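# Working through the structure, step by step
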Amino acid sequence: MNSRIAVVPGSFDPPTLGHLDVIRRAASLYDQLHVLVVHNPGKEAMLPLAQRLALLEQSIDESDIDGDVIVASWSMGLLVDYATDVNAGVLVKGIRSQVDVAYETPMAIVNRHLAHVETVFLLPDPAHALVSSSLVRQVAGLGGDVSPFVPPAVARFLDPERRSA
């Protein structure tokens, strides 16, 4: 495994400014960064996988994130299988609260045991610490303005006026 190659996994349903913050900082720390849209069987997605990939790619492009960033998806098998396939030695996870730490720690330990892949936790920029994709989905679903929480490409896509046009 190469510790200079990392994977940032997530459902990205939809991508948020917090996601972009983690991606930007991780891209500066690693030689190659795979941003991986994963299927979470415990969640019903608002956006289809292809739309999440497109919005994520567009958001990364519009954000001028430097580095070798690859956007991909993974829906079959373990996350560490993807990491092994691309020779990544690190998973990068954004952590917003103690709840995230409690949820992510057992997975990090199991991933290290299964494939010798380390997990690095990045704390959020305080401006994005309380924003989650779930919150954005709820606000968007009720017709609210999500532009303070998401990249411009996502805000344009979720704009209720654009959806009804």
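Residues numbered from 1 in each chain as written. Predicted model: local features only at pLDDT ≥ 70, side-chain atom pairs only at ≥ 80, totals over all residues. Heavy atoms only, no water.

What follows deals with the sheet that holds strand β3 (residues 68-74). Across the sheet, which stays open at both edges, the 5 strands sit in the order β3-β2-β1-β4-β5 with parallel pairing between neighbours. Edge positions in the open sheet fall to β3 and β5 (118-122), since each of these has one partner strand only. Each strand axis lies, on average, 30 degrees off the axis of its neighbour in the sheet, ignoring direction. Two strands pair when backbone bridges link them, and strand β2 (residues 32-38) and β3 are joined in this way by 7 bridges, in the parallel orientation. Looking at the pairing, Q32 lines up with D68 of β3. (Pairing = 2+ DSSP bridges. Helix = DSSP H or I, 4+ residues; strand = E, 2+ residues; numbered from the N terminus. Axes fitted to C-alpha atoms, helices over the stretch in contact; angles between N-to-C directions.)

Turning to its location among the elements, A140 is positioned in helix α5 (residues 133-141). Here the alpha-carbon distance between A140 and D159, two residues 19 residues apart in the chain, equals 7.9 Å.

You can see T119 is positioned in strand β5. Residue classification places T119 among the buried positions, given a relative accessible area of 18%. Apart from the residues lying within four places of it in its own chain, the contact partners of T119 are L91, K93 and A108. (Buried < 20%, exposed > 50% of the residue type's maximum accessible area, 1.4 Å probe, protein only. Contact = heavy atoms within 4.5 Å.)

This paragraph deals with the pattern of salt bridges. Per the stated rule, a full pass over the model turns up 7 salt bridges. Note that R4 and D31 form a salt bridge whose closest N and O atoms lie 3.3 Å from each other. With R4 in strand β1 (residues 2-10) and D31 in the loop between α1 (17-29) and β2, this pair connects stretches of sequence that are 27 residues apart. For R4, a relative accessible area of 36% corresponds to the partly exposed category. Here R25 and D21 are joined by a salt bridge, their closest N and O atoms 3.1 Å apart. Note that R25 and D21 are positioned in helix α1 at a spacing of 4 residues, about one turn of the helix. You can call R25 partly exposed: its relative accessible area is 28%. (Salt bridge = Lys/Arg side-chain N within 4 Å of Asp/Glu carboxyl O.)

Excluding glycine, residues mostly have negative phi values, and the peptide bonds linking residues are mostly trans. The linkage connecting D13 with the following residue, P14, adopts the cis geometry, with an omega of 0 degrees. Following the sequence through the fold, P14 ends up in the loop between β1 and α1. Backbone geometry places F12, a non-glycine residue, at a positive phi of 50 degrees. Along the chain, F12 turns up in the loop between β1 and α1. By relative accessible area, which is 2% here, F12 ends up buried. Although it is not a glycine, N87 sits at a positive phi angle of roughly 65 degrees. Tracing the backbone through its elements, the reader meets N87 in the loop between α3 (79-85) and β4 (88-94). With a relative accessible area of 36%, N87 lands in the partly exposed category.

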